[in-house]
Each structure stands twice: as C-alpha cells, then as structure tokens.
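Given next are the chains, with one letter for each unit.
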Amino acid sequence: MERKVMIQADNLKKRYRLGQINGTTLQHELQSWWAAKRGKEDPNRHIGGTAADPNAVFWALKGVTATIYAGETVGIIGENGAGKSTFLKLLSRVTIPTEGSFDLYGRITSMLEIGTGFNGELTGRENIYMNGAILGMNKAEIDAKMEQIIEFSELREFIDTPVKRYSSGMYTKLGFAVASHLDSEIMIMDEVLAVGDVAFQNKCIARMRQTAAEEGRTVLYVSHNMNQIRQLCSRCIVLSHGEVIFDGPVETAIQHYLNQFRQENIFRNYTGESRPKWLTDNRIRIRSAEYIDHDTIIFRGDEKMRLHMVLDVKDDVPGLSLRIEVSDLNNNKLGTYFLEDICDCRAGETVELEAEVDISRFTNATYNTIYCFYVRDDAGTNLNVDRVIGLSFIHTYSEVARQIQWEKENWGYLRLDGAEVKELKRY
Amino acid sequence: MDFSETTIKDYHVHVDSKHDLFTLNLKETWTYRDLIWLMTRKNLVVRYKQTVLGPLWLILSPLMTSLMYTVFFGTVAGIDTEGLPKILFYLASNGLWAYFSTVFNRAADTFAANANMFGKVYFPRLTVPISNILLSCVEFLVQFLMLAGLCLWYCLHGMTIPFATWLLIPLILLWLGVMAMGLGILVSSFTTKYRDLRILVNFGIHLWMYGTPVVYPLSLLKGGILRQMVLWNPVTAAMELFRHWVLGTGSVLPAQIISSLLFTVVFVFIGISMFNRIERSFMDTI
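Attention in this report is confined to the structure presented alongside it. (Residues numbered from 1 in each chain as written. Chains lettered and ligands numbered in written order. Predicted model: local features only at pLDDT ≥ 70, side-chain atom pairs only at ≥ 80, totals over all residues. Heavy atoms only, no water.)

### Remarks on the overall build of chain A
Here is step 1: Of regular secondary structure, chain A possesses 10 helices and 19 strands.
Here is step 2: Within chain A, buried positions represent 48% of all 427 residues. (Helix = DSSP H or I, 4+ residues; strand = E, 2+ residues; numbered from the N terminus. Buried < 20%, exposed > 50% of the residue type's maximum accessible area, 1.4 Å probe, protein only.)

Written out as structure tokens, the structure reads:
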C-alpha cells in the first residue's frame, strides 16, 4: 500500500551565530566601526573572545533528512542540544532553515510551549477562542469543538474564570485540550506534557494515539521521558549533535539514545575536568578512578567491583567520606553506597584508596555513577568537597537473570533481599 | 472554512531559505481573519480590565489632550482655527492624529511586543498590525461620537455642519490606517536589529505632528519652504480633507491627495514585503 507522505525534510541545516551579535544598537555598531577605523580594540567585543571571530557559529542541525507518513506517531529523542527543538521549530515555521528545505502536505498544529498566546486577563473560554485562532482554526470550527475541548480539559467549572487564576497544571490542561482538538493533519509537541498530573498525561497520550489511529493524524513528539515515547510512538528518530543517528523502531532507538550516555572507560582522569558550579569547596580533588583487575565495564553477577582512586588533598579534611550514587541511563537515581570516615586528610598529601563494592543486587542493565566526596560537619549536614561523574558499569549474568526473566519496566533495577516466609499454614 | 478532502489532498507548503523580494502573503492572512477580529477584541477587553474608569478612558484622555491644545495653542498662542470653535477644531484634529499615531506606534512595536508568541507558533504575522488598525478604529469611533455630539450642539446653535460628507470618513481611516501600518511595520522590521531606531522614531513621530496641520490649519502658513514641506507631508492631505468633510473648513489640492495615496501604496508594499522577509527568521536575531 502506498503511504501518504506528510512531511519531507530534505537535508535541513540550521546555523546560529554564537554570542550576542544581533540585537545590537546603532550606537554599538558605530562604536565598533569607529574603533576599527582607528585601529583600536573593539569596545563591544566579548571578553575572552577573539577580535576576528566571524566563524563563531553553531550548527544546531547539520543536515537532517526524514520522511514522515500519515498516521505515524514519531518520537524525537536525543540529548540536550541535539537539535530536537530546532527541528520542530523549523517544521512549525517559526524560523527558516539556513540550508535545505522541507515540504508539508498537511496543516500543522505546533505546541512548542503550553498555552502560547494565553492572556491572563481573559477567561478560559475566551482563551480557547484566541488560542484556537492562533493555531489556525476559525470561529465556526472552534464553536463546533468548544464542548469537546471543555470536556477534555476537565475545567468546566473554571472555564469563565480569568486564566491568571489558574494553576500551571490547569494551564497545561487547557492548552493541550485546545491543540489536540484541532482539525490539523500534523501535530507537533515539544515536551509539553512535563507539567500536569500523570493521569492527565496518560489521557493526552491516549488522545494522541487515538487521533493517529482513527483519523490518520501524524504526531511528532519530543520527550526525555522514554516511557511516554514507548507508550505513544510507533517510530523514533534519534538526533545527536544535529544529525540523525538512528531512525526506526522505538526500542532500538531508545537503546541507541541511551548508549550515548554510557561511559565505556575503565579508567578516568579527572585533572582539568570542570566541576559543577555549585561546588565551591575545593579542599579535595580526585585525580583518577579505575577498575582494578578488570578490562571491561561489564561485571558478571558474582563479581565484586573493585575501585582504585587517587586523591589530591589541597587542605585539611577531617573525616573524608565518599558517596557512590548509582542511576540508570535516564538519570533516575537508584541508590547510593556510603563509604564513611575514610580518613583525616592532611593538606598536601596524596591519598590512594581501594574500595570493594558489592553490586550483586543490581539486575541486568547499564548503570551510571557519580562519585561525591563529602565531610559531615558538627551540625550533621553533609558538605560536598568534590563531585565527578564516575565509571559506568554493566551488570550481566546475574543470579537473578539466571532464575527468572527480569522485567525491568515493572520490577525496577534492584532485587531486594530480606523477605522470607516465616510461617505457613495449609488447609 | 470547510476543508474538504480535496483541499487537504492539495495542501502543500514548501519551505526553504530562499525568499522572493516581494511577497505579500495576503491570501493566507485572509484565512486568519477570525484571528484578526479576536485579537482586536482581546486588546480592547484587556486594556480596560481592572482599571477604575474602564472604557471611560477612551473618552477622557483625548478630551483632556484636546482641552490642553485649546488652552495652549488656541487661547495662549492665539492660533487662528479658520473661524471654527476651537474645541471642535482640536477635537477633530487630535482625534485623527491620535488614530494615525497609535496605528503607527503599535505597528512599529509588532515584533518587539510579540516576540514571545512569534517564537512559539506560526501564523501570518500581518494579522497583528491589521488587528491593531481595527483597534485604533474602535478607539477613533468612540472619540468621534463625542465630536458628533458637540457638532450637534453647535448645529442647534446656528452653525452649519456638512453632515452628508461624514459618510466618507471611513475612506480617510482606510487611507491613513494603511499608510501608518505600512510605515510602522517597516520600522518594526528594522528594530529587530537596531533597537534604538525605535527611540529615534518615537521622537520623529512627535516632530511629524508639528509638521502636520494638527494644532494649526494649513491656511496659517502663508508661504515659503515651511508651507511647501507641510503641504507635501502625506498626512496633511488626509488631515485637511478630514476637517473639510467633518467641519467644512480647510483646503486640499488634488495633487496632494494623489501624491499621498501614491506614497501610501508604495510604502505599504515595501513595508509588507520587508515585514514578511524579516518575519521568517527574526526569532534568530531578536
């Protein structure tokens, strides 16, 4: 069967100039021009920037080609800055591509933000009209859908209240209700369901699936929430640094996406690596971390993880402790190991330590870690003295996996101990 | 509008980085006419919500300006108003000038005031300045009713008012509205890059008022370069014609009207072309 093409993107590229180049004032341009004429330094140049920096550009998209058919629900995933939002912005016609082109064969409703054009002074009902009109409906179409929209938004009793009195969740409900009831053939959503309660999120996803299946609507959905992507999408495009690195089945795409975050190294050197901004205490700096007697990051179920770390002590740290925070590839924190009161460190010395970590509770999956050194002060609060991204590990062939097929989606990542039947009665 | 099967099948938009120099995109704007009307309504409602006097400000602020003009220009400076009661002259002049300058100023702020919305959703941007013309029309209408009441009062006291030609006033509103919008969106297109142009233009529009027979009649200028300048100012023709049609005074040459209309057509064409050009990518520069 011949499928109808809805979106044909052809080698789409988008370039942004870095720094504040535009949005300038005439005065600044004249200043710069005058300074250049006299051979002086440009007074408006950014500190640390080079004088001749016309190449300071950033390619948000480096040539994206994709064909999207009617009735498809396409997820677009990728790390921050991969170009997802830029891609949607172009398709929404908010801005134009630097190179390349695209063709749309249906009307587009785009929701790059919830409730664009909502005015706080207007009531919910008035805003439905405004929002609908902005998204391309005429008044008769909105009138025809009004009841459905109010019903879907679950806001009937507040519909004649000015929306400035609404909560952000109510805002989302109203915005989504309008957008999802438009008669457009293509719907574009940029992670707009992040707010709002889970029940409503599920309702929205169900609604999108329904319109895709029954009315042949095409949905493009950006999210960092892989569960939503799994629920909604029939196909997934993975973007990375402005390029398509995978386009195909959802599960495979999610694997591709998650694999980008995996640290394959069994050794990491932290000298010169930047620390988070909030970390002001610099008494300790970890120099390196390494797995001992291990040449991959894959651990079998019965293996212990042995870590070797080297620390540079810049100033006295009494009672240095270490947290190893373990998270999945979605950055959901799963649990934390504590190594308390390792030693009282003296300024100027170098500390080497070896630690053994029991990871047998973890089931088959890839895990990221964070190493965070801290001290506990007199008041009992933890004061962080260093924090770096740790070595990842993959757990395979665990005891658990041998016995049962572990359902990660339903059971989580940890197999807990400590439950046993104490008494049993049978009749 | 009914999107039947065939229209959906035929729907096709091609987008790339190229841009024709002159594209007016009026057809698409027309399909969004309900949005234009809704925006006008919204602006009217929002402006006067949570103010004590509410829509009364629509009458009060021009009335106060006109009274001020009457006192300072009419009485203190003693400017001759071609035999008209001063308050009538200033109410009429000020009403039309306020219409012109608000259309212009609102159009000039189009990109700056709506950047947030423009960055999130596509619709023909021209709907915004067009809806602002309608908004200014409504404001003009309210002020005109006040003028009409005053005219009626003077009429009962023996003055001749050419009520028949009042029917032609919408033509002047269209003419000045299109001119002001054309110039305004042109300024708006440039202010996305040069912010301080807006301040300069703000000053310029004040200067322009004094170069237009608003606080004085054209007949006051007897000759010389100043009269020539005022004579060929494109707003002058509309202003004099307006007073002629409403109050029966003032003079205007056909050549003035033709040149002003020509000016309007040329600038609205350039304005819209420029506006449509900037509109496509201004989100990257603002």
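### What to know about the pairing of strand 11 (residues 284–291) of chain A
All names here are of chain A.
Here is step 1: Most of strand 11 is tucked away: six of the eight residues are buried.
Here is step 2: The sheet contact formed by strand 10 (residues 267–269) and strand 11 spans three bridges and is antiparallel. Note on strand 11: the bridge partner recorded for Asn-269 is Ser-288.
Here is step 3: Bridge count between strand 11 and strand 13 (residues 305–313): seven bridges; the pairing is antiparallel. When the bridges of strand 13 are listed, Ala-289 appears paired with Met-309. (Pairing = 2+ DSSP bridges.)

### Quick notes on the sheet that holds strand 2 (residues 57–69) of chain A
Each strand in a sheet pairs with its neighbour through backbone hydrogen bonds, running either in the same direction (parallel) or in the opposite one (antiparallel).
Here is step 1: Here we have four strands laid out as an open sheet, ordered 2(A)-1(A)-4(A)-1(B), and antiparallel in their pairing. Edge strands, defined here as strands with exactly one partner in the open sheet, are strand 2 of chain A together with strand 1 (13–16) of chain B. Taking the axes of each pair of neighbouring strands and ignoring which way they run, one obtains an average angle of 15 degrees across the sheet.
Here is step 2: The pairing of strand 1 (residues 5–17) of chain A with strand 2 of chain A spans 10 bridges and is antiparallel. The partner of Tyr16(A) across the bridge, within strand 2 of chain A, is Phe58(A).
Here is step 3: Along the sheet, helix 2 (residues 84–91) of chain A contacts strand 1, strand 2 and strand 4 (99–104) of chain A; its crossing angle with strand 1 of chain A, the most-contacted strand, is approximately 120 degrees. (Axes fitted to C-alpha atoms, helices over the stretch in contact; angles between N-to-C directions. Contact = heavy atoms within 4.5 Å.)

### Comments concerning the packing of aromatic side chains
Here is step 1: Considering all chains together, one arrives at 28 aromatic pairs over all chains under this definition.
Here is step 2: Centre to centre, the rings of Trp97(B) and Phe100(B) are 5.2 Å apart; their planes meet at 40 degrees, and the pair counts as tilted. Of this pair, Trp97(B) and Phe100(B) both sit in helix 5 (residues 86–108), separated by three residues, roughly a single helical turn. The exposure classification of Trp97(B) matches that of Phe100(B), with both residues buried.
Here is step 3: When the ring of Trp97(B) is compared with that of Trp208(B), the centres are 6.4 Å apart and the planes differ by 75 degrees; the resulting orientation is edge-to-face. Placement of Trp97(B) in helix 5 and of Trp208(B) in helix 9 (residues 197–210) is noted, with a sequence separation of 111 residues between them.
Here is step 4: Residue class for Trp97(B) comes out buried when judged on its relative accessible area of 5%.
Here is step 5: On the basis of relative accessibility, which here comes to 21%, the residue Trp208(B) falls in the partly exposed class.
Here is step 6: One aromatic cluster in this structure is built from Tyr291(A), Phe299(A), Phe362(A), Tyr367(A), Phe393(A) and Tyr413(A). (Phe/Tyr/Trp six-rings, centres within 6.5 Å; stacked < 30°, edge-to-face > 60°.)

### Observations concerning a nonpolar patch on the surface
Here is step 1: A cluster of nonpolar side chains, contributed by Val52(B), Leu53(B), Leu56(B), Trp57(B), Ile59(B) and Met64(B), occupies part of the molecular surface with about 570 Å² of accessible area.
Here is step 2: With respect to the secondary-structure elements, Leu56(B) resides in the loop between helix 3 (33–48) and helix 4 (57–76). (Patch = residues over 30% accessible without salt bridge, like charges linked within 9 Å, V, L, I, M, F, W, Y side chains within 5 Å. Areas by Shrake-Rupley, 256 points an atom, 1.4 Å probe, with all protein chains shown as cover. Salt bridge = Lys/Arg side-chain N within 4 Å of Asp/Glu carboxyl O.)

### Some words on the side chain of Thr249(B)
Residues and elements named next belong to chain B.
Here is step 1: In this structure, Thr-249 sits in the loop between helix 11 (234–247) and helix 12 (254–279).
Here is step 2: On the accessibility criterion, Thr-249 (13% relative accessible area) is buried.
Here is step 3: Thr-249 has contacts with Glu-82, Leu-84, Glu-240, Arg-243 and His-244, leaving out every residue within four places of it along the chain.

### Some words on the interface of chain A and chain B
Here is step 1: Listed per partner, the contact involves 47 residues of chain A and 41 residues of chain B.
Here is step 2: Put simply, chain A and chain B have one salt bridge between them.
Here is step 3: With its nearest N and O atoms 3.6 Å apart, the salt bridge here joins Arg41(B) to Glu126(A).
Here is step 4: Where chain A meets chain B, there are six residue pairs in polar contact (both at pLDDT 80 or more).
Here is step 5: The element that contributes the greatest number of residues to the side of chain A that touches chain B is strand 4 of chain A, accounting for six residues.
Here is step 6: Of the strand pairs in this sheet, strand 4 of chain A and strand 1 of chain B are connected by four bridges, and their pairing is antiparallel. Pairing of Phe102(A) across the sheet is with Val15(B), part of strand 1 of chain B. (Polar contact = N/O pair within 3.5 Å; in protein donor to acceptor, adjacent residues only side chain to side chain.)

### Section: the pairing of strand 17 (residues 365–376) of chain A
Residues and elements named next belong to chain A.
Here is step 1: Counting buried positions over the 12 residues of strand 17 gives 11, a clear majority of the element.
Here is step 2: In the sheet, strand 14 (residues 317–327) pairs with strand 17 via seven bridges, with the strands oriented antiparallel. The partner of Leu-322 across the bridge, within strand 17, is Phe-373.
Here is step 3: Relative to strand 19 (residues 393–396), strand 17 is paired through three bridges, and the arrangement is antiparallel. Bridge pairing in strand 19 places Tyr-367 opposite Phe-393.
Here is step 4: By the bridge criterion, seven bridges tie strand 17 to strand 18 (residues 382–389) in an arrangement that is antiparallel. Of the residues in strand 18, the one forming a bridge with Val-375 is Leu-383.
Here is step 5: Between strand 17 and strand 18, which pair antiparallel in sequence order, lie five residues; one of them, Gly-380, sits at a positive phi of approximately 90 degrees.

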